[in-house]
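Here's the letter readout for the chains.
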Amino acid sequence: MSAPASAPRPGCSEHRRQSLVRLGLSPDRWDVLVALAGNPNVGKSTVFNALTGLRQHTGNWPGKTVVRAEGAFAHAGRRMKVVDLPGTYSLQAGSEDEEVARDFILFGRPDVTVVVVDATRLERNLNLVLQILEITDRVVVYLNLVDEARRHGIAIDAGKLEAELGVPVIPGVAREGAGIDDLLAVVTRIAEGEHRTSPYRVERHAPEVEDAIGALAPLVDEVFSSVPNSRWVSLRLLNADEAVVEAVRSGELGHLDGDGSTAMADAAPEDQRERVLARAQELRWELPVDFHDSIVERTYAAAEEVASRVQMRGLKKAGFDLDRKLDRLLTSRWLGFPLMLAILAAVFWITIEGANVPSGMLATLLIDTVHPWLADLGGGLGMPWWLTGFLFDGVYLATAWVVSVMLPPMAIFFPLFTLLEDFGYLPRVAFNLDSLFRRAGAHGKQALTMCMGFGCNAAGVVSTRVIDSPRERLIAIITNNFSLCNGRWPTQILIAAIFVGALAPAHLAGLVSSAAVVGIALLGIAFMFLASWGLSHTVLRGEATSFSLELPPYRPPRILQTLYTSVIDRTLIVLWRAVVFAVPAGAVIWLVSNIQIGDLSLAEHAVGWLDPLGILIGLNGVILLAYVVAIPANEIVIPTVLMLTVLTTGMAGGAGTGVMFELESVTATGDILRAGGWTLLTAVCLMLFSLLHNPCSTTIYTIYKETGSAKWTTVATMLPLAMGFVVCFLVTQVWRLMA
Amino acid sequence: MVNPALALAVFGVLVILTTLLLWPRWGLLPRLLRAARLDERIRLEDALKHVYTCERRRQPCSLESMAGRLGVSTSDAATLLARLSSLGLVRTTSRGTVLTEAGTESAVRIVRTHRMWERYLADRTGVPPGEWHDHAERMEHALSPDEVDALEKRLGHPRWDPHGDPIPTSSGEVPPARGISLVSAEVGRTVEIVHLEDEPQDIYDALLGEGMAPGVRLDVLEVDGPAVRVRAGGREWSLDPVSAQNVTVRHLPPGERARGLEDTLADTRPRETVEVVGISPACQGIQRRRLLDLGVVPGTRVTAELTSAAGDPVAYDIRGALIALRREQAAWIYVRPAPQSDRAVV
């Protein structure tokens with residue numbers, strides 16, 4: 001995590017040399033290294049995209065970029081590399097994000113650090129700017145969102161701010177590209193050393209701190225006569241700043257004054273250097289306990305002072321008032337929840353209705369037309385049966401199934417959700433629902449990651465990045481699987497129609513089976529709360545927690561860009577992962593049904609072994625085997641079940657050994673399943689098990705990527721599976737006891 | 001098919017057995033693990049730490065006190081002391097048992113590990129304060145000096161543990177103990193809590209429950225009576241002398257008064273604007289840092305802008321940003337009515 005901190009730091013020239021060596025070999029070579037820092041949700045990623053031309057998704061959310069994003073582009077004949085640091089409120093290294101950001105600015109030695117500042121929240125943003133100015137003087141401030149500030153009645157004098165801070169300030173609107181060219185020009189000038197800055201530094205500290213600085217600074221001056229800012233060095237030493245302590249210890253102090261020169265003409269003798277460190281340690285004990293608080297206070301006082309000089313408030317605040325009015329409506333006691341339910345219901349309705357037609361078309365094209373054509377082609381080319389079977393019946397069919405079931409709803413759901421997100425409504429949903437989630441030990445934003453999970457659990461897990469509190473984020477990741485995802489809805493609907501709908505009179509069948517599916521989804525939410533509560537009170541009890549929820553101003557959504565980014569960013573990435581996992585699944589399904597051991601295929605053997613366990617929990621061996629081979633994608637459970645049922649019962653029908661299929665007619669499907677020994681109990685247990693089992697492999701992989709922990713990935717995988725076994729077992733046994 | 005009644009019965013038995021085996025603290029497995037941990041080395045280290053604590057507090061170190069502290073019989077305590085003595089870690093003088101130089105070094109190392117771990121728990125985890133000590137008691141025997149150094153770096157070289165005890169440096173430096181016990185404070189003065197003794201656990205928990213924490217400022221009303229009485233803001237506490245003994249304080253210069261602890265941001269009415277006075281010392285670690293970073297520092301004006309549809313959380317206008325805080329967080333922030341001067345029009 002903090003590898004750069006403990007690794008030996010190359011000196012500046014050393015660093016240059018290494019990058020020069022790399023220039024000839026590596027594709028990610030660069031001439032100018034630019035770090036992009038800023039508070040969460042100030043449009044840092046938008047600036048990153050504007051600079052690099054990449055399309056990283058940028059939501060109206062605090063904390064989109066958790067991992068470092070990197071991009072490169074050429075400007076004025078130079079290769080520029082931009083590193084987008086996680087958004088942080090400060091650089092105290094109190095959280096993982098802050099550690100990453102601070103270590104990069106301190107040890108990554110960027111040529112220029114661009115601090116993106118939100119003009120509507122100048123004071124708080126200046127707090128970070130001032131902290132960065134303490135570390136490096138190669139800084140450019142990009143004053144973003146000046147249009148929004150104007151709308152809120154705030155005008156900022158950029159020239160005055162530049163004079164106050166002593167570093168260039170470029171006003172602009174990143175999402176319109178305004179100010180980006182100026183920014184690039186200044187960045188280049190600073191990187192070339194043509195523009196020298198004289199950064200503002202917080203000078204007045206609390207009396208006790210001033211006393212300690214006063215006692216230490218003369219000693220620093222005495223031992224290191226060439227250091228220009230001994231007060232700053234003293235304060236860093238009192239803060240036990242790793243980099244400065246090391247620089248003193250090694251005698252390389254000249255390094256940190258910012259001009260990059262490594263020559264230390266007067267390397268002080270070692271005992272003198274140690275004397276400085278010992279004195280600093282002695283003084284540290286005398287500093288008050290809340291020493292750190294007082295530094296933040298002073299930084300904020302300075303930020304407030306600077307802000308008050310450059311900012312003109314009290315202009316017309318039309319936009320601001322509109323924001324507040326909308327806020328009061330959307331969070332009102334009586335209308336807040338009904339409005340929320342109506343909006344979310346509309347999103348789901350549009351998704352389900354809208355996806356039907358394209359899904360059907362894709363299925364007709366990929367499965368009913370292309371698949372037979374491929375099979376004929378294989379035959380025509382004289383390919384052996386096992387090769388066509390393996391490639392087309394196994395690999396191709398599984399992939400086609402996943403694409404046709406998964407793509408349309410995701411391509412509708414994610415853009416809709418992203419529009420709500422960009423507008424700024426989703427944080428209000430989190431705000432309204434927080435007290436419900438708080439009781440379960442979770443974060444209000446989990447409401448949104450949960451909704452996202454209804455689209456796709458893998459995307460839901462990725463979306464937990466907006467939760468910046470470690471414990472609550474883990475809870476949201478582990479419990480996301482309780483949201484019934486896209487891949488599982490069709491299973492629920494089909495089984496409910498065959499077995500549950502049949503219980504009711506014909507005219508009510510549709511209603512009853514829909515109610516059953518909605519009931520399962522609601523049960524999933526109930527299990528999500530239960531599991532969140534259990535986790536936060538047991539295994540996750542000791543994880544760190546820091547709740548805060550910023551409600552960003554409303555921003556008009558950009559529809560075309562949203563469509564583009566949400567399709568690229570969420571839909572296609574998730575789909576790609578799903579396809580990658582579906583390919584081997586298709587191969588395995590075909591192989592197990594076609595490889596014979598003795599008289600029976602591998603699949604039949606496996607079904608035989610799994611049958612006793614399956615029957616114990618109200619299912620059967622076929623279903624369990626289908627769930628084992630369908631770990632990659634829940635979409636292919638039903639086709640696999642049908643194929644295996646035909647195979648093991650030896651009945652007529654189906655599309656051939658190892659060829660997954662689905663039938664047009666619900667009744668015909670029901671007939672096959674009933675012939676396989678299915679009862680109402682089997683159907684109920686399958687619906688429960690479909691809700692409560694391990695996440696698909698795409699999601700498992702995503703969980704591992706997001707948590708970086710095998711332990712939490714295992715918990716997230718095994719917890720729902722164990723719950724599934726227990727719930728199905730209890731339902732089955734009680735059912736049989738009653739019967 | 002398995003008989004359902006039988007299946008359910010077997011399941012019930014399995015659940016009960018698993019619970020008995022794994023239940024935290026009382027389960028068989030946690031008990032066994034705890035027993036296994038109590039090997040000789042750990043007992044020796046605990047004994048050494050006890051002698052060190054006695055020395056720091058200038059109290060005599062008796063066999064009885066050690067037996068009581070370690071939860072062993074006096075004869076076991078005597079065996080432990082004899083063993084420490086043969087290892088050259090302690091020696092017996094006319095003043096009782098004292099540490100040798102090597103003994104002090106080892107003891108300081110253990111104390112350093114213990115306190116560093118408590119700091120870690122307070123800063124980087126959500127382990128509740130009442131459990132810090134127990135965790136640290138285990139970790140002090142498990143971490144190597146190198147691991148402690150690495151942890152120190154990661155935590156930014158903290159100086160104090162969350163109870164207000166100094167963390168010895170890697171070279172073994174410890175500043176002299178500061179402060180006096182609350183029972184010896186001067187009546188009529190204002191004191192600041194610098195340390196809360198975390199043992200015994202129940203007294204510590206009770207003090208925490210009362211809102212005591214390092215950094216809290218109190219006016220001393222009475223110390224000699226049957227109870228020690230202190231006041232902060234409009235609230236008054238009566239502590240029994242035994243509990244008060246566990247609170248270490250320092251006198252504040254005359255003129256500095258106790259902070260009013262009764263008014264918090266949680267009591268703010270909708271649309272009301274208040275000024276921050278400070279953050280409760282009970283709020284530590286990343287939660288405290290987050291509030292500070294958002295700009296909740298003394299003097300900041302905060303307005304309760306929006307109440308969530310469910311009543312909690314409330315969104316506050318803090319330095320131009322709309323930040324939702326839960327009630328329990330808002331209750332950490334001390335406020336007073338904002339002065340009338342309107343800073344908004346500049």
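Residues numbered from 1 in each chain as written. Chains lettered and ligands numbered in written order. Predicted model: local features only at pLDDT ≥ 70, side-chain atom pairs only at ≥ 80, totals over all residues.

Along its length, chain B carries 12 helices and 13 strands. Reported as C-alpha extents along the three principal axes, the dimensions of chain B are approximately 80 × 75 × 45 Å. Relative to its 346 residues, chain B shows a buried fraction of 37%. (Helix = DSSP H or I, 4+ residues; strand = E, 2+ residues; numbered from the N terminus. Buried ≥ 20, exposed ≤ 12 C-beta atoms within 10 Å, placed from the backbone.)

It is worth spelling out the interface of chain B and chain A at this point. Taken together, the 54 residues of chain B in the interface contact 58 residues of chain A. Sorting the residues of the side of chain B that touches chain A by element identifies helix H1 (4–22), helix H8 (145–154), helix H11 (285–293) and strand E12 (321–325) of chain B as the ones contributing at least two each. Per-element tally for the side of chain B that touches chain A: the top contributor is H11(B), with 6 residues. The pairing of strand E9 (residues 549–551) of chain A with E12(B) spans 3 bridges and is antiparallel. Of the residues in E12(B), the one forming a bridge with A:Glu550 is B:Ile323. (Contact = placed C-beta atoms within 7 Å. Pairing = 2+ DSSP bridges.)

Moving on: the sheet that holds strand E4 (residues 190–196) of chain B. In a beta sheet, neighbouring strands are held together by backbone hydrogen bonds and run either parallel or antiparallel to one another. Residue and element names in this part refer to chain B. The strand order across the open sheet built from 6 strands is E3-E8-E4-E5-E6-E7, with neighbouring strands paired in antiparallel fashion. Each edge of the open sheet carries a strand with a single partner, namely strand E3 (180–181) and strand E7 (235–239). Pairing analysis gives 2 bridges linking E3 to strand E8 (residues 247–251), with the strands arranged antiparallel. Of the residues in E8, the one forming a bridge with Ser181 is Thr248.

Another point: the packing of helix H6 (residues 101–124) of chain B against H8(B). All names here are of chain B. Following both chains from N to C, one finds H6 and H8 inclined at 40°, their axes separated by 10 Å at the closest point. H6 and H8 meet at a crossing whose hand is left-handed. Here H6 contributes Arg109, Arg112, Thr113, Met116 and Tyr120 to the contact with H8, which in turn contributes Pro145, Val148, Leu151 and Glu152. Considering only residue class, the contact of H6 with H8 consists of 5 nonpolar, 1 polar and 3 charged. (Axes fitted to C-alpha atoms, helices over the stretch in contact; angles between N-to-C directions. Left-handed = near helix turned anticlockwise from the far one by under 90°. Nonpolar A, V, L, I, M, F, W, Y, C, P; charged D, E, K, R; others polar.)

This paragraph deals with the nonpolar core. Within the largest apolar cluster, 215 residues are counted, with the highest numbers of intra-cluster contacts made by A:Leu36, A:Val140 and A:Val141. Here this core takes 19 residues from helix H16 (residues 385–423) of chain A, the largest share from any one element. The residues contacting A:Leu36, other than those within four sequence positions of it, are A:Lys44, A:Val47, A:Phe48, A:Val82, A:Val83, A:Asp84, A:Leu85, A:Val114 and A:Val116. One finds B:Met212, B:Val220, B:Leu239 and B:Ala244 within the second-largest nonpolar core, a separate group that totals 20 residues. (Core = buried A, V, L, I, M, F, W, Y, C linked by C-beta atoms within 7 Å.)

This next bit is on unusual backbone geometry. For the bond running from B:Asp312 to B:Pro313, omega is 0°, close enough to zero to count as cis. Tracing the backbone shows B:Pro313 in the loop between strand E10 (301–307) and strand E11 (314–318). Even without a glycine there, the phi angle at A:Asn41 is positive, about 60°. Here A:Asn41 shows up in the loop between strand E1 (32–38) and helix H3 (44–52). Residue class for A:Asn41 comes out buried when judged on the 23 C-beta atoms lying within 10 Å of it.

Residues and elements named next belong to chain A. The end-to-end C-alpha distance of helix H12 (residues 270–286), which contains 17 residues, comes to 25 Å, matching closely the 24 Å that a straight helix rising 1.5 Å per residue would cover. If you check which residues of H12 are buried, you get Val276, Ala280 and Leu283. Projected down its long axis, H12 carries its buried residues within an arc of 70°, all on one side. Looking at H12, the residues exposed on the side facing more than 90 degrees away from the buried face are Glu270, Asp271 and Ala278. In this fold, the buried residues of H12 make contact with helix H9 (207–223), helix H10 (230–238) and helix H11 (242–250). (Expected span 1.5 Å × (residues − 1). Arc of directions from axis to C-beta.)

Let's shift gears to the confidence of the model for chain B. All names here are of chain B. Scored by pLDDT, chain B comes out at a mean of 83, with 95% of its residues at no less than 70. Within the model, pLDDT remains below 50 along residues 342–346, and this stretch shows 6 contacts once partners closer than five positions in the same chain are excluded. ipTM for the predicted complex: 0.81, alongside a pTM of 0.80. (pLDDT = per-residue confidence, 0-100.)

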